[in-house]
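One letter stands for each residue in the lines below.
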Amino acid sequence: MKDLKPLFPDLPNVRPIVIAGPCSVESEDQVMTTARQLAADGIKIFRGGIWKPRTSPGGFEGIGEIGLPWLKRVKEETGMLVSTEVATRAHVELALNAGVDMVWIGARTSANPFAMQEIADALKDFGKDIPVLVKNPVNPDLELWIGAMKRIYNAGIHRLGAIHRGFSTYGKHLYRNMPQWHIPIELQRRYPDLPIFCDPSHITGKRELIASVSQQALDMNFAGLIIESHCDPDAAWSDKNQQVSPEVLNVILNTLVLRDETSSTENLTLLRQQIDRINDELLELLARRMRVTCEIGQYKKEHKMPVIQQTRYNDLMERLVKNGEELGLTEDFVRNILVAIHEESVRQQLEIVNGKNPS
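Student: Please explain the pattern of salt bridges as it appears in this structure.
Tutor: Across all of its chains, the model carries 18 salt bridges by this definition. If you follow the salt bridges from partner to partner, you end up with Glu 28, Arg 36, Arg 73 and Glu 77 in one network.

Right, here's the structure in full:
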């Protein structure tokens, strides 16, 4: 994805770019009240869900196309750009014919290559290079996310961006969708010119956590934020717990800190040199560990022992997690590292047992 164009060339070049508005448009009064308050606080891009894909049937699935004229009125009366989510060819055609300035593609849709291709073809047929943002798929699959964006790019859309909204998980967690920041960071590394927006509303699922996640995103040099804002959040028809009023949003935005990425000090250089040395040492230690792993693999082969010994692995995991916590490392961090090391150890030992040289 080369030659990406600015998403909003006619807007002031500011950071963060903020896209705000209700999860779902519900009524003309709700839309206009929210939009006027946001515009008064300087928000330039209004978001409003027209169609809402829901997990189970029977829930509120959006007001539908009757809400599109309300977005048009927002644009006419406030001067804001307007945007909505699309999931089908029909959505694309209706939205763009109604004058919507930008569309985004949701997490459930971006996980479906057939749906993405349908949307890409519709955008190509429309023949206009409008801004398109693609949310990450519900599962932590970076290649699927990139593939979804490439389909849009290949359709001639070069005003392209990504939205990080977190990844679905099971069980009780602090967040509704786990951030797994390493995934958007890797996306940023591969495509440094691709603007990435953070969706703290969907990551957190809780309005009280939106500020902290927004700050984390800015600290990682994200281009902007897309935040759900409703004139009366507690009365919202969908996702009320993760929406904030325009007044609260204004407070959040005014408390965010923009780091000076151009500043550099001698102390920072020295600290980075320490990090580089430690990284080299880590690689050397891992290489030494894998050499011992191969020797164990050879022993297991000669003595016809199974490669995986689950009891030892479980005991090792619990001991190291406990040791890591005593050293100030989180359980998830330690487990993720140990799982990766164990998987590579098993791979190398299997190759030895099967008569191959581990690569």
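Student: Even after reading the chapter, I still don't get the sheet that holds strand β5 (residues 132–135), so can you show me in this structure?
Tutor: The parallel closed barrel is built from 8 strands, whose spatial order is β1-β2-β3-β4-β5-β6-β7-β8. Averaged over all adjacent pairs, the angle separating strand axes in this sheet is 25°, with direction ignored. Relative to strand β7 (residues 196–198), strand β6 (residues 160–164) runs parallel, the two sharing 3 bridges. If you follow Ala 162 over to β7, its bridge partner there is Ile 196.

Student: In this structure, what is going on with the pairing of strand β4 (residues 102–105)? I would like to understand it.
Tutor: Residues Met 102 and Trp 104 of β4 are buried on one face, and the alternating residues Val 103 and Ile 105, pointing to the opposite face, are buried as well. Taken together, the 3 bridges between strand β3 (residues 81–85) and β4 define a ladder with parallel strand orientation. Considered in β4, the bridge of Glu 85 is made with Trp 104. Handedness of the crossover joining β3 and β4 through helix α3 (residues 89–97) is recorded here as right-handed. In the sheet, β4 pairs with β5 via 3 bridges, with the strands oriented parallel. Following the sheet pairing, Val 103 is matched in β5 by Val 132.

Student: Explanation requested: the nonpolar core in the structure shown.
Tutor: One broad rule of soluble globular proteins: the nonpolar side chains tend to lie buried together. Within the largest apolar cluster, 66 residues are counted, with the highest numbers of intra-cluster contacts made by Val 132, Ile 152 and Leu 187. Those residues within four positions of Leu 187 in sequence are excluded, and the remaining contacts are Leu 142, Trp 145, Ile 146, Met 149, Ala 162, Leu 194 and Ile 196. Residues Phe 8, Ile 45, Met 102 and Ile 226 belong to the second largest nonpolar core, which totals 10 residues.

Student: What should I look at first to understand the packing of aromatic side chains in this one?
Tutor: Two numbers describe a pair of aromatic rings. These are the distance of the centres and the angle of the planes. Per the counting criterion, the structure on display carries 2 aromatic pairs. With a centroid separation of 5.3 Å and an interplanar angle of 85°, the aromatic rings of Phe 60 and Trp 237 are classed as edge-to-face. Residue Phe 60 is found in the loop between β2 (45–47) and α2 (68–78), and its partner Trp 237 is found in the loop between β8 (224–228) and α10 (246–255); the two are separated by 177 residues along the sequence. You can call Trp 237 partly exposed: its relative accessible area is 46%. Relative to Phe 222, the ring of Trp 181 lies with its centre 5.9 Å away and its plane at 70°, an arrangement referred to as edge-to-face. Of the two residues, Trp 181 is situated in the loop between β6 and α7 (182–190) and Phe 222 in the loop between α9 (210–219) and β8; the sequence distance between them amounts to 41 residues. Taken individually, Trp 181 and Phe 222 each receive the classification buried, so the pair is uniform in this respect.

Student: How should the side chain of Ser 24 be read in this particular structure?
Tutor: Mapping Ser 24 onto the fold places it in the loop between β1 (17–21) and α1 (28–40). There is a polar contact of 2.7 Å between the side chain of Ser 24 and the side chain of Ser 238. Ignoring anything within four residues of it in the chain, the contact list for Ser 24 reads Gln 30, Gly 49, Lys 52, Phe 60 and Ser 238.

Student: Hey, could you run me through helix α12 (residues 310–326) in this one?
Tutor: In this model, α12 (17 residues) spans 24 Å end to end at C-alpha, consistent with the 24 Å of a helix rising 1.5 Å per residue. Every buried residue of α12 is accounted for by Tyr 313, Met 317, Val 321 and Gly 324. Buried residues of α12, seen end-on, are gathered within an arc of 65° and therefore sit on one face of the element. Every exposed residue of α12 that faces more than 90 degrees away from the buried side is listed here: Thr 311, Arg 312, Asp 315, Lys 322 and Glu 326. Contacts from the buried residues of α12 go to α13 (331–353). Where α12 ends, the next residue or the one after it, Gly 328, has phi of about 90°, a positive value.

Student: Quick question: what am I supposed to make of unusual backbone geometry here?
Tutor: Trans peptide bonds make up most of the peptide bonds, and negative phi angles are found at most residues other than glycine. A cis amide bond, omega 0°, links Arg 15 with the succeeding residue Pro 16. Within the chain, Gln 180 stands out as a residue other than glycine whose phi angle is a positive 45°. Among the structural elements, Gln 180 can be located in the loop between β6 and α7. Note on Gln 180: relative accessible area 30%, which makes it partly exposed. With a phi angle near 70°, Asn 221 is a residue other than glycine that sits in the positive phi range.

Student: Mind showing me how you'd approach a negative patch on the surface here?
Tutor: Residues Asp 276, Asp 280, Glu 281 and Glu 284 make up a contiguous surface patch of negative charge. With respect to the helices and strands, Asp 276 occurs in helix α11 (residues 266–302).

Student: So what exactly am I meant to see when it comes to the environment of Tyr 153 here?
Tutor: As for its placement among the helices and strands, Tyr 153 is situated in helix α6 (residues 142–154). Judged by relative accessible area, which is 14%, Tyr 153 ranks as buried. For the pair Tyr 153 and Met 1, spaced 152 residues apart in the sequence, the C-alpha separation amounts to 6.8 Å. Those residues in contact with Tyr 153 that lie beyond four places of it in its chain are Met 1, Lys 2, Asp 3, Leu 4, His 158 and Leu 160.

Rules used throughout
- Residues numbered from 1 in each chain as written.
- Predicted model: local features only at pLDDT ≥ 70, side-chain atom pairs only at ≥ 80, totals over all residues.
- Heavy atoms only, no water.
- Salt bridge = Lys/Arg side-chain N within 4 Å of Asp/Glu carboxyl O.
- Pairing = 2+ DSSP bridges.
- Helix = DSSP H or I, 4+ residues; strand = E, 2+ residues; numbered from the N terminus.
- Axes fitted to C-alpha atoms, helices over the stretch in contact; angles between N-to-C directions.
- Buried < 20%, exposed > 50% of the residue type's maximum accessible area, 1.4 Å probe, protein only.
- Right-handed = clockwise from strand over helix to strand, strands pointing away.
- Core = buried A, V, L, I, M, F, W, Y, C linked by side-chain atoms within 4.5 Å.
- Contact = heavy atoms within 4.5 Å.
- Phe/Tyr/Trp six-rings, centres within 6.5 Å; stacked < 30°, edge-to-face > 60°.
- Polar contact = N/O pair within 3.5 Å; in protein donor to acceptor, adjacent residues only side chain to side chain.
- Expected span 1.5 Å × (residues − 1).
- Arc of directions from axis to C-beta.
- Patch = residues over 30% accessible without salt bridge, like charges linked within 9 Å, V, L, I, M, F, W, Y side chains within 5 Å.
- Areas by Shrake-Rupley, 256 points an atom, 1.4 Å probe, with all protein chains shown as cover.
- Lys, Arg positive; Asp, Glu negative; His and termini not counted.
- Charge placed at Lys NZ, Arg CZ, Asp CG, Glu CD.

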